[in-house]
Amino acid sequence: MLSVNHLSKTYAAGDKALDDVTFTIPSGQVVGLIGPSGAGKSTLIRCINRLVEPTSGSIQLGDTTITGLSTSELRAVRRRIGMIFQEYALVERLTVMENVLSGRLGYVSFWRSFFRKFPAEDVQKAFALLARVGLTDHANKRADALSGGQRQRVGIARALEQDPQLLLIDEPTASLDPKTSRQVMRLLLEMCNERGLPAIINIHDVVLARQFTERIIGLQAGKIVFDGPPSELDESVLTRIYGEEDWKTLEHDSEAA
Amino acid sequence: MVDKISSFPKTWKRPPVFFESAPLRYSLYALALLWFVLAIGTVDVNWSRVAEGMDRGWRFVKGFLTPDFTSRWKDISAGLIESLTMTLTSTVVGIVLAVPIGIGAARNIAPKAVYYVCRSIIALSRSLQEIIIAILFVAMFGFGPFAGFLTLSFATIGFMSKLLAEDIEDIDESQTEAIRATGSSWLQLINYAVQPQVMPRLIGLSLYRLDINFRESAVIGIVGAGGIGATLNTAIDRYEFDSAGAILLIIIFIVMITEYSSGYVRRWVQ
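Here the structure is a predicted model, which is why all the values come from computation and not from measurement.

(A) Expanded view of the overall build of chain A. Looking only at helices and strands, chain A has ten helices and ten strands in total. Computed over C-alpha atoms, the radius of gyration of chain A comes to 19 Å, within 12% of the 18 Å expected from 2.2 N^0.38 for 257 residues, which places it in the range of a compact globule. Dimensions of chain A, computed from C-alpha atoms along their principal axes, come out at roughly 55 × 45 × 35 Å. Among the 257 residues that make up chain A, the fraction classed as buried is 43%. Restricting to contacts in chain A with at least 6 residues of sequence separation, those with at least 24 account for 69%.

Right, dumping it as structure tokens:
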């Protein structure tokens, strides 16, 4: 479904964020991407929809080679990739409905989007998604009137409104409390399973990653240092990813959870 | 191992922000003071002329205190209508032209080439003071409000596009990134991610510019660009300080109305 081959990214300042990263994700698989801050997790998922331009290597989504597309072709491939952000990244002064409908921007003409005259099926899908994430009553509220957990659910609805073939999820729970984090993760997982949607979840919380994903990729200084099921994620692997630390307490946490 | 508390220093001083060396810093302060004293010394005041002028000034104040709205009311109302027309049309035209230039002058959303062109337009518009432009336009198009309209439109473009561009450069990039990630076009990006973030400030600035333009219309009238300024100039030339006082009061009153209502509107659009 998604294959990333020998992907490297060197920023203009000279620091190497990604170094020869290669992996493939079959359809329907939810992958947790873990690693210390600055390991290149964010850069990696932004290279996939080319919000960040890769330096070398190739990325393929289905039959499309994403690297090397022209601007208009890139728009067409971006609408197939939904993205969910750490600080929700909703447009604060727009209504919840406008935020969800903005997931259709890649499909409609400028004038349609300017007058908010989206096709009937788009509007219907948006209402259905809002009902699915439990925000039907909030459709006409401004996004900045919602709580963190509600905003993230709007973010999820916006990404799914695109009818994506892949979800890129950047630290979905970093701004949420532990309970809301688990609710949001569970919702994401359910949505992916319902649609057979593959996803890459960039996540700081190792316990959550273990609990909710079926495969974990560990990134360290721009290189993949671990790729396997959560059960293989033991102390030695965590040390390889993050460095020396007492990982025992984490083991207890995850057993308790 | 914990050190004894007595082994730590007892004093701490904030490091200087610039010029590490103290002698250099103090000599720079001394130099600045010397410059100021010398500059004051070069101001040449002719005290007998001041005494004479006080008298004239007092007559002006007296006229101001006994404003005469009636004897020149025809001229005043004609000038006022001219000024208000000039103000409104030039503000609207100026803003309509300033929005695309402001978007083009925002480094984060415009291509490099467009950015430099728009920045040059802004620099040109802002480097020329209203009076100088007014003199130029009066020379080109003759006396009257048309020259004033062009002057104020031109000045509005520089003012509005500079402040709009700066506001766009300050927007929350994560919202722009999210809209870009949906596969939106550039125009959709402006409409969905940029416009909602800058709209309240754009409206506030527009109202502020409306009141600046009204005040400027009084000033540029003095160099022949029509409006209430021309009426004011005529009144002063005729030594009719009571009519001039009435005109000034009307200007103050109108500026106060726009000031108060713009504050109200800005709260409402937040």
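So much for the structure itself; the text now carries on.
(B) Geometry of the sheet that holds strand S10 (residues 223–228) of chain A. Residue and element names in this part refer to chain A. One open sheet holds the six strands; their spatial order is S6-S7-S8-S3-S9-S10, and the pairing between them is mixed. Looking at the sheet topology across the chains shown, the edges are occupied by strand S6 (81–84) and S10. Adjacent strand axes in the sheet meet at a mean angle of 20° when their direction is disregarded.

(C) Structural detail: unusual backbone geometry. All names here are of chain A. The residue Asp-163 is not glycine, and still its phi comes out positive at about 55°. Looking at the element boundaries, Asp-163 is found in the loop between helix H6 (148–161) and strand S7 (166–170). For Asp-163, a count of 15 C-beta atoms within 10 Å corresponds to the partly exposed category. Despite not being glycine, Glu-171 shows a phi value in the positive range, around 45°. Relative to the elements of secondary structure, Glu-171 occurs in the loop between S7 and helix H7 (178–195). Here Glu-171 falls in the buried class, since 20 other C-beta atoms lie within 10 Å of it.

(D) Fine view of the interface of chain B and chain A. Each partner contributes residues to the interface: chain B has 18 residues there, and chain A has 21 residues. Taken together, the residues of the side of chain B that touches chain A sort by class into seven nonpolar, nine polar and two charged.

(E) The arrangement of the pairing of S6 of chain A in detail. Residue and element names in this part refer to chain A. By the alternation rule, side chains of S6 split into Ile-81 and Met-83 and Gly-82 and Ile-84, which are all buried. Relative to S7, S6 runs parallel, the two sharing four bridges. Within the sheet, the bridge partner assigned to Met-83 lies in S7 and is Leu-168.

(F) Up close: the sheet that holds strand S2 (residues 16–25) of chain A. Residue and element names in this part refer to chain A. With antiparallel pairing, four strands are arranged side by side in an open sheet as S2-S1-S4-S5. Strands with a single pairing partner mark the edges of an open sheet, and in this sheet they are S2 and strand S5 (64–65). Pairing geometry for strand S1 (residues 2–10) and S2, over six bridges, is antiparallel. Within S2, the position partnered with Thr-10 by the bridge is Lys-16. Sheet contacts for helix H1 (residues 41–48): S1, S2 and strand S4 (56–61); angle to S2, the most-contacted strand, approximately 60°.

(G) Region of interest: the packing of helix H2 (residues 47–65) of chain B against helix H10 (residues 241–269) of chain B. Residue and element names in this part refer to chain B. Remark: H2 packs on H10, axes separated minimally by 7 Å, with the N-to-C direction vectors making an angle of 60°. Between H2 and H10, the crossing angle belongs to the class labelled oblique. Between H2 and H10 lies a crossing whose hand is right-handed. Residue-level inspection shows Arg-59, Phe-60, Gly-63 and Phe-64 of H2 in contact with H10, the latter providing Phe-241, Asp-242, Ala-244, Gly-245 and Leu-248. Broken down by class, the residue content of the contact of H2 with H10 amounts to five nonpolar, two polar and two charged.

(H) Representation of the nonpolar core within the structure. One finds Leu-33, Val-100 and Leu-168 of chain A to be the most contacted residues of the largest nonpolar core, which totals 107 residues. By residue number, the principal contributor to this core is helix H6 (residues 145–169) of chain B, which donates 13 residues. Dropping the residues within four chain positions of it, Leu-168 of chain A is found in contact with Ile-45, Ile-48, Asn-49, Ile-81, Met-83 and Ile-200 of chain A. If you look at the next biggest cluster of nonpolar residues, it comprises ten residues, including Ile-228, Leu-232, Ala-246 and Ile-250 of chain B.

How each quantity is defined
- Residues numbered from 1 in each chain as written.
- Chains lettered and ligands numbered in written order.
- Predicted model: local features only at pLDDT ≥ 70, side-chain atom pairs only at ≥ 80, totals over all residues.
- Helix = DSSP H or I, 4+ residues; strand = E, 2+ residues; numbered from the N terminus.
- Rg over C-alpha atoms; globule rule 2.2 N^0.38 Å.
- Buried ≥ 20, exposed ≤ 12 C-beta atoms within 10 Å, placed from the backbone.
- Contact = placed C-beta atoms within 7 Å.
- Pairing = 2+ DSSP bridges.
- Axes fitted to C-alpha atoms, helices over the stretch in contact; angles between N-to-C directions.
- Nonpolar A, V, L, I, M, F, W, Y, C, P; charged D, E, K, R; others polar.
- Parallel < 35°, antiparallel > 145°, perpendicular 65-115°, else oblique.
- Left-handed = near helix turned anticlockwise from the far one by under 90°.
- Core = buried A, V, L, I, M, F, W, Y, C linked by C-beta atoms within 7 Å.

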